[in-house]
Every structure is written in structure tokens, then in C-alpha cells.
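Residue strings, one per chain:
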Amino acid sequence: MKPTHLLAGLCLALGLATAPGHAQTVMRISIATSQDSHQGVAIDTFAREVEKRTNGRYVIKTFYSGALGGEREYDEAVQLGTQELAFSTTGPIPNFVPETKILDMPFLFRDKAHARAVLDGPIGQDLLKQFDKRGFKALGWGENGVRHMTNNVRPIHLPGDVKGLKMRTMENPVHIQAFKGLGIVTTPMAFPEVFTALQQGTVDGQENPLSIMIAGKFDQVQKYLSLTGHVYSPCVWLMNPGAWGKLSDADKQAFLEAAREGTRANRARVDKDDAAGVAYFRSHGVQVIDNVDQSRFVEALGKANAQFEKEFGADNIRRIRDYKGS
Ligand code: EAX
């Protein structure tokens with residue numbers, strides 16, 4: 001590295017001004033997946049938009065592939081204030097903001113359009129406010145995508161096929177409860193460990209949106225991909241409330257708009273990955289099962305769903321299911 005670059009880099013790392021009269025504040029944002037992904041596109045767009053909209057007074061440093069830890073670790077860092085920002089799935093979020101649990105229910109949303117409408121509408125906005133009470137500022141919802149199952153043991157067509165499979169799950173209590181209800185042997189694990197766990201056979205399978213599995217090259221370590229579409233996986237833009245509180249009103253607007261732009265780019269990439277995913281996996285030697293009978297999975301989840309109704313309220317679930325948008 002050239003000495004001038006080194007100096008600029010140091011200034012950036014320390015949050016110092018690099019030009020006279022041009023004070024810069026540096027903030028960090030992280031994801032657990034790679035830069036070339038729907039989440040990478042989200043934070044790259046956010047960083048660019050913040051810098052543009054604040055005339056470079058705020059610089060967002062982006063970290064990928066778990067460089068700042070797994071989601072639970074960096075969500076906690078944002079809560080503590082040792083990190084300013086994060087883009088996280090709701091995987092570990094119920095451990096911080098239990099009100100969001102409802103969003104992780106299997107087969108809650110009909111499709112991505114339904115989920116996006118709910119999250120961007122009054123229900124989603126109300127849930128974002130719940131983060132305030134738990135030591136976060138939530139700037140908005142983003143998207144991880146619709147999750148599907150992969151494994152190395154057998155093609156999954158019916159709920160009976162998942163019985164006894166050892167599957168990595170997110171550290172999410174709703175997912176764990178639902179998967180247990182299907183007879184899956186659940187192994188919660190942070191994402192940065194998943195590829196190796198699949199490779200070494202510590203687990204038989206995992207479930208994730210196509211975007212994550214393409215970016216993570218899971219075709220190298222998984223034989224069967226079943227399009228179960230069993231749950232929608234939201235992301236959320238998290239900020240430390242102290243860092244948020246220091247922003248001027250205009251800069252707060254700039255951050256909110258940057259998050260909205262980030263989500264727009266993020267969702268567009270998810271759509272692209274979903275459209276290309278099956279062909280990608282087939283051409284990489286993965287057997288894709290595209291005739292999964294989802295209604296049988298809904299049936300098999302009956303007991304777990306009854307529990308969820310009790311916990312989250314049947315009315316709240318119905319409000320989401322019936323939401324038509326504005
Ligand atoms: O952002 O942990 C997970 O499975 C998430 O879907 C994702 O891969 C990490």
C-alpha cells in the first residue's frame with residue numbers, strides 16, 4: 001500500500017477529517033454473506049447513498065462474509081454501540097425483539113409481494129417501532145428471501161422425507177420449533193460455519209433462500225435442493241440508537257432514504273436470483289425437486305401452528321394473512 005493511501009486509510013479508520021473543513025464520521029455495517037449477493041448489494045447501495053446524500057460527511061465502511069462475526073454477534077454489537085450499523089436477517093432478532101417472532105412463521109406470507117406489502121405497510125412499520133424499546137433504531141425492512149431445503153441424504157417431496165434429517169437452522173426459536181414439529185433434528189448454528197458443517201457432514205442439510213445458496217456456492221456441498229418455500233425470511237436495517245441520535249434531522253432522513261434505496265436494490269437482486277436459481281443449481285449438478293407438495297407441509301405443521309396462534313394471537317396472524325396493501 002502506498003504511504004498516501006495508508007494515511008488516508010488510517011484517517012478513515014479513525015474517523016478523522018481527510019481534508020480541512022471537511023469533518024467525516026466513519027460508521028461500520030456488516031453482513032454474514034458475501035459481497036456478491038443480495039445482501040452485499042443492499043449494504044453497498046446504502047453506503048453509496050449515505051455518502052451521496054450527506055456530501056461525504058458520513059462514510060460507511062462495509063464488511064462482508066462474517067468479517068465482523070455472525071448475525072447474533074453483530075446485532076449485539078450494534079445494540080452495545082461497538083458497531084454502528086448492521087443488515088441482519090430476522091434469524092437471531094427474536095432473541096432481542098420478541099415481537100418480530102410472528103414474521104418467522106412458516107407459510108405466513110403467500111409470496112414475496114405479500115411479504116413486502118406487509119413489511120412496508122402499517123404492520124411492518126409498527127414492528128420497526130418495537131426495536132426502539134430494545135436498544136435499536138430500525139431504519140427499515142430488507143429481504144433475505146423465500147427459504148428452501150437442501151440436503152445430502154434424499155430428495156424431499158413430502159414432510160415424511162425430512163423426518164430424522166439433521167439440519168442446520170438459524171438461531172431462531174420459531175424456526176426451531178416448527179422444524180422440530182416436522183421431525184427434523186435441528187442444529188442451530190451461525191451462518192459463517194454452515195458451509196464447513198455441510199462439507200464435513202456435521203449436518204445433512206440446511207435451508208436458505210436461493211440467493212444465499214448461490215452466493216455461498218452450496219452446490220459444492222449439497223446433492224438435493226427441494227423448493228419447499230416453507231418460510232419467508234426478512235432482513236432489517238439496524239442502527240445503534242446513540243449513533244442515530246447524533247444525526248441531524250436532515251441526516252436522519254438521508255439515512256432512512258439510503259436504507260430504502262438499499263432495500264430496493266436488495267429486493268431486485270433477490271428476484272433475479274430466484275429467477276436464475278433453479279437453472280444455476282441444475283447446471284451445477286444439484287438435483288432440484290420442484291414439485292414439493294406445500295399443502296402437506298402446512299398440514300404437518302398443524303401442531304406447531306396451533307402453538308404459534310396461542311403465542312402470537314390468531315387475530316395478529318390473520319391481519320397479516322389478509323393484508324391486501326394500500
Ligand atoms: O444472512 O443464517 C442464515 O441462514 C441467513 O439466511 C443468511 O444466510 C445469513
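First things first, this report covers the structure right here in the doc. (Residues numbered from 1 in each chain as written. Predicted model: local features only at pLDDT ≥ 70, side-chain atom pairs only at ≥ 80, totals over all residues. Heavy atoms only, no water.)

### With respect to the site of the ligand
We count it as follows: Proximity is defined per residue: any heavy atom of the residue falling within 4 Å of a molecule or strand makes that residue near it. Definition of a polar contact: a pair of N or O atoms within 3.5 Å, with one able to donate and the other able to accept a hydrogen when the atoms are protein atoms, and with sequence-neighbouring residues admitted only if both atoms are side-chain atoms. Accessible surface is estimated by sampling points in the Shrake-Rupley manner with a 1.4 Å probe; for residues, cover comes only from the protein chains shown. Lining residues are defined by having an atom within 4 Å of a point belonging to a cavity or pocket. Those points lie on a 1 Å grid over the protein atoms alone, cavities being sets where a 1.4 Å probe fits but cannot get out and pockets being open sets with protein on both sides within 12 Å along at least five of seven lines. A molecule is said to be in a cavity or pocket once over half of its atoms fall within 2 Å of that pocket's grid points. By the convention adopted, Pro, Cys, Tyr, Trp, Phe, Met, Ile, Leu, Val and Ala count as nonpolar, Lys, Arg, Asp and Glu as charged, and the other residues, Gly among them, as polar.
Every residue close to the ligand is listed here: Gln 39, Glu 71, Thr 89, Asn 144, Arg 147, Arg 168, Met 170, Phe 191, Asn 208 and Ile 212. A distance of 2.9 Å is found between an oxygen atom of the ligand and a side-chain nitrogen or oxygen belonging to Arg 147. In this structure, Asn 208 approaches the ligand through a side-chain N or O atom, which is 2.6 Å from an oxygen atom. Out of a free accessible area of 270 Å², the ligand has 99% covered by protein chains. Judged by the proximity of its atoms to the pocket grid, the ligand belongs to the largest cavity. Residue composition of the shell around the ligand, grouped by class: three nonpolar, four polar and three charged.

### What to know about the packing of helix H12 (residues 302-312) against helix H13 (residues 314-321)
Rule in force here: To obtain an axis, a line is fitted to C-alpha atoms, over the contacting stretch when the element is a helix, and the angle between two such axes runs from 0 to 180 degrees between their N-to-C directions. Only runs of H or I of at least four residues qualify as helices and only runs of E of at least two qualify as strands under DSSP, and these elements are numbered from the N terminus. Roughly parallel covers angles under 35 degrees, roughly antiparallel covers those over 145, roughly perpendicular covers 65 to 115, and oblique covers all other angles. Contacts were defined at the residue level, with two residues in contact if any of their heavy atoms lie within 4.5 Å.
Close contact between H12 and H13 brings their axes to 6 Å; oriented N to C, the two are set at 105°. Regarding the angle of H12 to H13, the classification is roughly perpendicular. Across the interface between the two elements, Phe 308, Glu 309 and Phe 312 from H12 touch Ala 314, Asn 316 and Ile 317 from H13. Grouping the constituent residues of the contact of H12 with H13 by class yields four nonpolar, one polar and one charged.

### Points about the pattern of salt bridges
Spelled out, the test is: The rule for a salt bridge is simple: a side-chain nitrogen of Lys or Arg has to be within 4 Å of a carboxyl oxygen of Asp or Glu. For every residue, the accessible area (1.4 Å probe, protein chains only) is compared with the maximum for its type, and the residue is labelled buried under 20%, exposed over 50%, or partly exposed between those bounds.
Enumeration according to the criterion identifies 19 salt bridges in this entry. One salt bridge in this structure joins Asp 290 and Arg 282, with 3.3 Å as the shortest N-O distance. According to the relative accessible area criterion, Arg 282 is partly exposed, its value standing at 41%. One network of salt bridges, with partners in common, ties together Lys 112, Arg 116, Glu 143, Asp 271 and Asp 274.

### Quick word on the environment of Gln 222
By secondary structure assignment, the location of Gln 222 is in the loop between helix H8 (210-215) and strand S8 (224-239). Residue Gln 222 is classed as buried on the basis of its relative accessible area, which comes to 5%. Sequence separation between Gln 222 and Gly 285 is 63 residues, and the spatial gap between their C-alpha atoms is 9.4 Å. Here Thr 150 takes part through its side chain, which lies 2.6 Å from a polar atom of the side chain of Gln 222.

### Observations regarding the nonpolar core
Spelled out, the test is: Residues grouped as a nonpolar core are buried Ala, Val, Leu, Ile, Met, Phe, Trp, Tyr and Cys residues, joined through side-chain atoms within 4.5 Å.
Counting 90 residues, the largest nonpolar core has Phe 46 and Phe 255 as the members making the most contacts within it. Among the elements that line this core, the one with the most residues is S8, at nine residues. With residues up to four places along the chain from it excluded, the contact list for Phe 46 reads Ile 29, Ile 60, Leu 85, Leu 139, Trp 237, Phe 255, Ala 258, Ala 259 and Gly 262.

### Concerning the pairing of strand S2 (residues 58-63)
Here is the rule we go by: Paired strands are those between which DSSP finds at least two bridges. With its strands directed away from the observer, a crossover is right-handed exactly when the path from the first strand over the helix to the second travels clockwise.
As defined by bridge partners, strand S1 (residues 25-30) adjoins S2 across six bridges and the pair is classed as parallel. Bridge pairing in S2 links Arg 28 to Lys 61. Remark: the S1/helix H2 (residues 38-53)/S2 crossover connection has right-handed handedness.

### Digging into helix H10 (residues 249-283)
Let me state the cut-off plainly: A helix's residues, less one, multiplied by 1.5 Å, set its expected span. Bend, at a single residue, is the angle you get between axes fitted to the 7 residues ending at that residue and the 7 residues starting at it.
In this model, H10 (35 residues) spans 50 Å end to end at C-alpha, consistent with the 51 Å of a helix rising 1.5 Å per residue. At Ala 276, H10 is deflected by roughly 45°, the largest bend along its length. The positive-phi residue at the C-terminal boundary of H10 is Gly 285, with phi of around 80°.

### Points about the side chain of Lys 112
Position of Lys 112 relative to the elements: it lies in helix H4 (residues 112-120). One polar contact links Lys 112 to Asp 274, side chain to side chain, over a distance of 2.6 Å. Non-local contacts of Lys 112, meaning those with residues more than four positions away in its chain, are made with Glu 143, Val 146, Tyr 232, Val 270, Asp 271 and Asp 274.

### A short note on H2
The terminal C-alpha atoms of H2 lie 22 Å apart, and with 16 residues this matches the ideal 22 Å at 1.5 Å per residue to within 8%. Buried residues of H2: His 38, Gln 39, Gly 40, Ala 42, Ile 43, Thr 45, Phe 46, Ala 47, Glu 49 and Val 50, and no others. Note on H2: the residue one or two positions beyond its end, Asn 55, has a positive phi of about 50°.

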